[in-house]
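Survey of secondary and tertiary structure
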Amino acid sequence: QVDLVESGGGLVQAGGSLRLSCAASGSIFAINAMYWYRQTPGKQREWVATITVGGDTNYADSVKGRFTISRDNAKNTVYLQMNSLKPEDTAVYYCKARKTITTYWGQGTQVTVSS
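A brief look at the structure comes next.

Each value, and the rule that gives it
Residues numbered from 1 in each chain as written. Predicted model: local features only at pLDDT ≥ 70, side-chain atom pairs only at ≥ 80, totals over all residues. Heavy atoms only, no water. Helix = DSSP H or I, 4+ residues; strand = E, 2+ residues; numbered from the N terminus. Buried < 20%, exposed > 50% of the residue type's maximum accessible area, 1.4 Å probe, protein only. Lys, Arg positive; Asp, Glu negative; His and termini not counted. Salt bridge = Lys/Arg side-chain N within 4 Å of Asp/Glu carboxyl O. Polar contact = N/O pair within 3.5 Å; in protein donor to acceptor, adjacent residues only side chain to side chain. Contact = heavy atoms within 4.5 Å. Phe/Tyr/Trp six-rings, centres within 6.5 Å; stacked < 30°, edge-to-face > 60°. Lys NZ or Arg CZ within 6 Å of the ring centre and 35° of its normal. Pairing = 2+ DSSP bridges. 1 Å grid on protein atoms, 1.4 Å probe; cavity = no way out; pocket = protein on both sides within 12 Å on 5 of 7 lines; lining within 4 Å. Points joined across faces, edges and corners; volume = space filled by probe spheres on them. Nonpolar A, V, L, I, M, F, W, Y, C, P; charged D, E, K, R; others polar.

As for the side chain of K96
Relative to the helices and strands, K96 is located in strand 9 (residues 91-98). Although K96 is buried, it makes no salt bridge; E6 carries the closest opposite charge, 12 Å away. At 3.2 Å, the side chain of K96 and the side chain of Y37 are in polar contact. Setting aside residues up to four positions removed in sequence, K96 forms contacts with L4, A33, M34, Y35, Y37, T103, Y104 and W105.

The structure is reproduced here in structure tokens:
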């Protein structure tokens with residue numbers, strides 16, 4: 001079992017920045033990759049960014065150049081630095097951990113960007 005706890009969400013004006021954190025605990029060995037997703041009411045959960053165990057990163061086109069995913073292995077924490085935020089970035093942001101055949105989700109953190 002892997003427990004994921006997101007934090008760092010909040011209300012910010014357009015153009016501002018936030019940094020989300022995802023702290024992992026439990027059986028964190030053999031995690032292959034960590035992800036950030038987001039979801040707005042009535043829509044499917046949308047992939048935002050990935051960081052692999054090897055440190056490779058990948059981003060959705062909608063956030064490329066504005067968001068940065070990173071990790072601190074000593075703290076078992078993954079971050080999502082979000083800059084130049086837009087109202088359309090408003091969503092609940094979720095962290096996901098993937099092992100070979102199992103995935104784990106956090107409870108989410110709300111990000112609201114006002115225009």
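Some remarks on the packing of aromatic side chains
All told, the structure shown has three aromatic pairs when counted by the stated rule. Judged by centre distance (6.2 Å) and plane angle (50°), the rings of Y35 and Y37 are tilted. Y37 shares its class with Y35; the two are buried. Aromatic pair Y37 and W105: ring centres 5.0 Å apart, planes at 65°, arrangement edge-to-face. Of this pair, Y37 sits in strand 4 (residues 33-39) while W105 sits in strand 10 (residues 103-105), and the two are 68 residues apart along the sequence. Under the relative-accessibility criterion, Y37 is labelled buried at 14%. Through pairs of rings, three or more aromatic residues link up here, namely Y35, Y37, Y94 and W105. Over the ring of F29 we find K99; its NZ or CZ atom is 4.3 Å from the centre of that ring.

Quick notes on the pairing of strand 7 (residues 67-72)
Here strand 7 runs beside strand 8 (residues 77-82); their pairing, made up of six bridges, is antiparallel. Opposite D72, over in strand 8, you have T77 as the bridge partner. Remark: four residues form the turn of the hairpin made by strand 7 and strand 8, two consecutive strands paired antiparallel; N76 in that turn has positive phi of roughly 50°.

With respect to the layout of surface pockets
Looking at the largest pocket, its volume works out to about 270 Å³. Taken together, 16 residues form the lining of the largest pocket, with I28, I31, M34, R71 and N73 sitting closest to its centre. Of all the secondary structure elements, the ones that give two or more residues to the lining of the largest pocket are strand 3 (18-26), strand 4, strand 5 (46-52), strand 7 and strand 8. For the lining of the largest pocket, the class distribution of residues is nine nonpolar, five polar and two charged.

Let's talk about the environment of E6
Residue placement: E6 occurs in strand 1 (residues 2-7). Look at E6 and you get buried, because its relative accessible area is 5%. Separated by 87 residues in the primary sequence, E6 and Y93 place their C-alpha atoms 8.2 Å from one another. In this structure E6 touches S21, C22, W36, Y93, Y94, C95, G106, Q107, G108 and T109, once residues within four positions along its chain are discounted. Among the polar contacts made by the side chain of E6, one reaches the main-chain amide nitrogen of Q107 at a distance of 2.9 Å.

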